Amino acid sequence: IKYCNRPFKNLEHMNSELISRWNERVKLGDVVFVNGDFCLTRSSEAPDTRLKGTDWEKKLNGKIIFTAGNHDKNNTTKTCIQGLVICLGGKRMFMVHNPKYVNTDFKINLVGHIHQNWKIKRVGVKSVAINVGVDVWDFYPVTINEILSRYAKWLKIEKLKKKKKA
């Protein structure tokens, strides 16, 4: 909460809201890709609490596919997936937790790890990183339609910038 300046009163409030927002958007049969940092095993705001990923997973709708994040070492997600290619919405995208490992062979890279307030950044000449972390999506899981809609808007803005420079 403190590190990311999240708008929650305390850890219990944050966890309750994140679970509620997840289940509001995700239905039982949905597939959800979690791009790392699913949960912390310890928090400076609750140092005596041991949080297990499997306990949180039971409270959430959908089938979860995890990629490994830097905070996932001891939270029981037990994924060996460091990065993966997904094909959704007619687009091939690369998903990796840390933006420093994006693959510029893909136009779209879905990233997590960061908590800054940006959604899309250019990486390389023809590639972008799209931040799929809850911090920039009102603490909801982001859908592929929202990602692609935001990307389309971003492309239009980039084209307008190029026209103004020319």
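Shown above is the structure to which this text applies.
Residues numbered from 1 in each chain as written. Predicted model: local features only at pLDDT ≥ 70, side-chain atom pairs only at ≥ 80, totals over all residues. Heavy atoms only, no water.

**Considering the overall build of the chain**
- Check the secondary structure of the chain and you find three helices and seven strands.
- Looking at the 166 residues of the chain, the share that counts as buried comes to 43%.
- A separation threshold of at least 6 residues defines the contact pool for the chain, and within that pool the share at least 24 residues apart is 45%.
- As presented, the chain carries roughly 10,500 Å² of accessible surface, and 53% of it is formed by carbon and sulfur atoms. (Helix = DSSP H or I, 4+ residues; strand = E, 2+ residues; numbered from the N terminus. Buried < 20%, exposed > 50% of the residue type's maximum accessible area, 1.4 Å probe, protein only. Contact = heavy atoms within 4.5 Å. Areas by Shrake-Rupley, 256 points an atom, 1.4 Å probe, with all protein chains shown as cover.)

**Overview of the sheet that holds strand 4 (residues 91–96)**
- The strand order 3-4-5-7-6 describes an open sheet built from five strands, whose pairing is mixed. If you trace the sheet from one side to the other, it starts and ends with strand 3 (83–88) and strand 6 (120–123), each paired once. The mean inter-strand angle of the sheet, taken between neighbouring strand axes irrespective of direction, is 30 degrees.
- Pairing geometry for strand 3 and strand 4, over six bridges, is antiparallel. (Pairing = 2+ DSSP bridges. Axes fitted to C-alpha atoms, helices over the stretch in contact; angles between N-to-C directions.)

**As for the nonpolar core**
- If you look at the biggest cluster of nonpolar residues, it comprises 17 residues, and the most contacted ones within it are Ile 108, Leu 110, Val 128, Ile 130 and Tyr 151.
- Elements with a contribution of two residues or more to this core: strand 3, strand 4, strand 5 (108–111), strand 7 (127–131) and helix 3 (144–165).
- Considering each element in turn, this core owes the most residues, four residues, to helix 3.
- Each residue touching Val 128, except ones within four places of it in the same chain, is listed here: Lys 107, Ile 108, Asn 109, Ile 120, Lys 121, Arg 122, Val 123, Tyr 151 and Trp 154. (Core = buried A, V, L, I, M, F, W, Y, C linked by side-chain atoms within 4.5 Å.)

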